[in-house]
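Topology and contacts: notes
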Amino acid sequence: MIYLDNAATTKMFEKGVDIYKKYACQFFFNPSAGYSQAIDVRHDIDKTRQKIKDTLNAEKGNVIFTSGATESNNLAILGSKRNGKWEYVFSSGEHPSVYNVARYLENQGFIVHYVKLTENGQIDYEDLKNVVNEKTRLISIMHVSNETGAINDLSLINNIRQKYCPKALLHIDGVQAFCKIPVNVDELNIDFYTLSAHKFHGPKGVGALYARDVSCLKNIVYGGGQEEGYRSGTENVGGIMAMGYAIDNIDITKNYQYVEKLKKCMENELETVKGVNIIKTESPYILSVSFSGVNGETLMRSLQDKGVLVGIGSACSTKKAGNRVLENMGINQDKIKSHIRISFSEELSLDEIKNAGKNIIETYQYLLEKVK
Ligand code: PMP
C-alpha cells in the first residue's frame, strides 16, 4: 500500500503506542488525584504542554488539552464569544469545525464576514482589510488549507489586525501546519492556535488549544474543572504523552526539505500528462490536482484497487456534495468533480512516489479511454 492521504490522518509512531500503553497500564493514575503517583502524571502531561509551547515559540500563555482540533476550534471561537454587537471574521476556506461554528454565530444574530479566497487558495488580504473594523471580536483563519496546501501569510494577517482592529483576537487553525511548518506565535501576536495530534503521528482524539491569554476565554464544557476550568473532563493522559513523543521525534526542517522533494517529484510525474491540472500551493505536504474528464471519486476508488490511497478532499466533507473551498477559489465544477488530494509524509520514499505517480497516470488514462 502507498498511503497518500496524510492530511486526513497519519500513522502513529510505534514507540508512541508504547508510551500510550505505559500511561494506560503502569502510570494510569488520574492526574487530578492527590497522591504522589498522580502528581507525577500531572507533571508528565505538563511536559507535553511545554513541548507544544516550545514548538510554537510561545514564551508565555497556556496550552489546554482537548479531544482534538474540532473541539479546540469550538473552544477558541465560542469560548471567546461575548455578548454585544460584535462582529466575526472567518475565511471562506475554513474547515467545517470552524466554518460551521461561524454559521452558528450567524444564526445567533452576530454579524459574520467570510473573507474571499484567491485562485491560489490563500485568503484575499484586501478583502480582509475591507471587512475588519473596531467591532471585530475575532478573526479566525487557518494556517495551511487542508484542501489545497495553500499557506496563509500570518504576518500579513497580523499586520492588518494591528492596523485596523488592534483589539480583535486572532485564532489560527494550525492543524495542517503544526510540526510541519515553523510558526512563531509570539512574533505574530497570535491569541489562539489549534492543533491535533493525529496529523503528526500522534493518536486520534487528542489535541490542544494554545491561548496567549486564557482570561479572554470561557469554558464551553461544564464539569470537574480540569485544565484550569477551561476544559473539564479527565485528560487523555496516554494520548497526551504519545503526542509529546511525536513532537520530540519530528524534525520540522529536515522533514520539510524532504517532503518538498516528494511533492516536486509527484508534480513532475503528473505535469507531463495532458488534462492534469495542479493547483500550485506552498505547503509541501499537500498536492491538489484535477484530472480532466474523469470523476475524482472514481479515480480514487480505482487507485485504491491498486493499493494507492489518495483523498478526495477533507475526509470530514466527503459525504457532502461539491467542495465549498474549491468553489470559493473560483474553480469550475468540472475541475472540482475531477479533483483528488495527494498528501505526503516523511515516511514515504521517492520510489514510492514515482511508483504512485505512474499508477495515477495509468489509471487516469485507462479511465479516460473508458468514458470515451
Ligand atoms: N482543521 C483542519 C484544517 C483539519 O484539517 C482538520 C482535520 N481534517 C480539523 C480541523 C479537525 O481535526 P480533528 O479531526 O482533530 O477534530
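Note that the structure is a prediction, hence the values are computed from the model and not measured.

Focus on the overall build of the chain
- Summing up its helical and strand segments, the chain has 12 helices and 12 strands in all.
- Over its C-alpha atoms the chain spans a radius of gyration of 21 Å, differing by no more than 12% from the 21 Å that the globule rule assigns to 372 residues.
- Counting the 372 residues in the chain, one finds 57% classified as buried.
- Considering only residue pairs separated by 6 or more positions, the chain has 73% of its internal contacts joining residues 24 or more positions apart.
- Summing over all exposed atoms, the chain offers an accessible surface of approximately 16400 Å²; the carbon and sulfur share of this is 49%.
- The distance from the centre of the 45 positive side-chain charges to the centre of the 44 negative ones in the chain is 3 Å.

What to know about helix 12 (residues 350–371)
- The end-to-end C-alpha distance of helix 12, which contains 22 residues, comes to 32 Å, matching closely the 32 Å that a straight helix rising 1.5 Å per residue would cover.
- Every buried residue of helix 12 is listed here: I353, A356, G357, N359, I360, I361, T363, Y364 and L367.

Quick look at the sheet that holds strand 2 (residues 62–66)
- Read from one edge to the other, the open sheet built from 7 strands follows the order 2-8-7-6-5-3-4, with strand pairing classed as mixed. Only two strands of the sheet have a single neighbouring strand rather than two, namely strand 2 and strand 4 (111–115). Pairwise comparison of adjacent strand axes, ignoring direction, gives a mean angle of 20° for this sheet.
- Note that strand 3 (residues 87–91) and strand 5 (residues 136–142) share 4 bridges and pair parallel. If you follow F90 over to strand 5, its bridge partner there is S140.
- Its contacts with the sheet put helix 3 (residues 69–79) on strand 2, strand 3, strand 5, strand 6 (169–173), strand 7 (192–196) and strand 8 (207–211), and the angle it makes with strand 7 is roughly 165°.
- This element, helix 4 (residues 96–107), spans strand 3, strand 4, strand 5 and strand 6 of the sheet and lies at about 145° to strand 4.

Overview of the packing of aromatic side chains
- Per the stated rule, a full pass over the model turns up 9 aromatic pairs.
- Relative to F27, the ring of Y23 has its centre 5.6 Å away and its plane inclined at 50°; by these criteria the two rings are tilted.
- Using a relative accessible area of 31% as the deciding quantity, one classes F27 as partly exposed.
- Ring pairs connect the aromatic residues F28, F29 and Y35, which therefore count as one cluster.
- For the cation-ring pair, K180 lies above Y285, with the distance from its terminal atom to the ring centre recorded as 5.6 Å.

Observations concerning the packing of helix 9 (residues 296–305) against helix 12
- With their axes 10 Å apart at the nearest point, helix 9 and helix 12 run at an angle of 125° to one another. For the element pair helix 9 / helix 12, the angle class is oblique. By crossing handedness, the relation of helix 9 to helix 12 is classed as right-handed. Side by side, helix 9 and helix 12 meet where T298, L299, S302 and L303 of the first sit next to N359, I360, T363, Y364 and L367 of the second.
- For the contact of helix 9 with helix 12, the per-class residue count stands at 5 nonpolar, 4 polar and no charged.

Remarks on the site of the ligand
- Taken together, 15 residues lie near the ligand, and T70, D173, Q176, S196 and K199 sit nearest.
- Within the contact set of the ligand, a nitrogen atom lies 2.9 Å away from a side-chain nitrogen or oxygen of K199.
- Taken by itself the ligand offers 400 Å² of open surface, and the protein chains cover 89% of this.
- For the shell around the ligand, the leading source of residues is helix 3, giving 3 residues.
- Counted by class, the shell around the ligand contains 4 nonpolar, 9 polar and 2 charged residues.

Brief notes about the domain arrangement of the chain
- According to the domain assignment, the chain consists of domain 1 (2–9 + 251–371) and domain 2 (14–248).
- Computed from C-alpha atoms alone, the centre-to-centre distance between domain 1 and domain 2 is 27 Å.
- Contact residues are listed per partner, giving 28 residues for domain 1 and 30 residues for domain 2.
- Buried surface at the junction of domain 1 and domain 2, both sides included, amounts to about 2400 Å², of which 54% is carbon and sulfur.
- Considering only the side of domain 1, the residues that lose the most area to domain 2 are I252, R324 and M329, jointly responsible for 25% of the buried surface there.
- In this structure, the connection of domain 1 to domain 2 is made through 0 salt bridges.
- Here domain 1 and domain 2 share 16 residue pairs in polar contact (both at pLDDT 80 or more) between them.
- The leading source of residues in the side of domain 1 that touches domain 2 is helix 10 (residues 324–328), at 4 residues.

As for unusual backbone geometry
- Despite not being glycine, N57 shows a phi value in the positive range, around 60°.
- As for its placement among the helices and strands, N57 is situated in the loop between helix 2 (36–56) and strand 2.
- For N57, a relative accessible area of 39% puts it in the partly exposed group.

Here we look at the environment of A76
- Turning to its location among the elements, A76 is positioned in helix 3.
- In this structure, the C-alpha to C-alpha distance between A76 and L350, residues 274 residues apart in sequence, is 39 Å.

What counts, and at which threshold
- Residues numbered from 1 in each chain as written.
- Predicted model: local features only at pLDDT ≥ 70, side-chain atom pairs only at ≥ 80, totals over all residues.
- Heavy atoms only, no water.
- Helix = DSSP H or I, 4+ residues; strand = E, 2+ residues; numbered from the N terminus.
- Rg over C-alpha atoms; globule rule 2.2 N^0.38 Å.
- Buried < 20%, exposed > 50% of the residue type's maximum accessible area, 1.4 Å probe, protein only.
- Contact = heavy atoms within 4.5 Å.
- Areas by Shrake-Rupley, 256 points an atom, 1.4 Å probe, with all protein chains shown as cover.
- Lys, Arg positive; Asp, Glu negative; His and termini not counted.
- Charge placed at Lys NZ, Arg CZ, Asp CG, Glu CD.
- Expected span 1.5 Å × (residues − 1).
- Pairing = 2+ DSSP bridges.
- Axes fitted to C-alpha atoms, helices over the stretch in contact; angles between N-to-C directions.
- Phe/Tyr/Trp six-rings, centres within 6.5 Å; stacked < 30°, edge-to-face > 60°.
- Lys NZ or Arg CZ within 6 Å of the ring centre and 35° of its normal.
- Parallel < 35°, antiparallel > 145°, perpendicular 65-115°, else oblique.
- Left-handed = near helix turned anticlockwise from the far one by under 90°.
- Nonpolar A, V, L, I, M, F, W, Y, C, P; charged D, E, K, R; others polar.
- Near = heavy atom within 4 Å.
- Polar contact = N/O pair within 3.5 Å; in protein donor to acceptor, adjacent residues only side chain to side chain.
- Domains from an automatic or database assignment.
- Buried area = accessible area lost by both parts, 1.4 Å probe.
- Salt bridge = Lys/Arg side-chain N within 4 Å of Asp/Glu carboxyl O.

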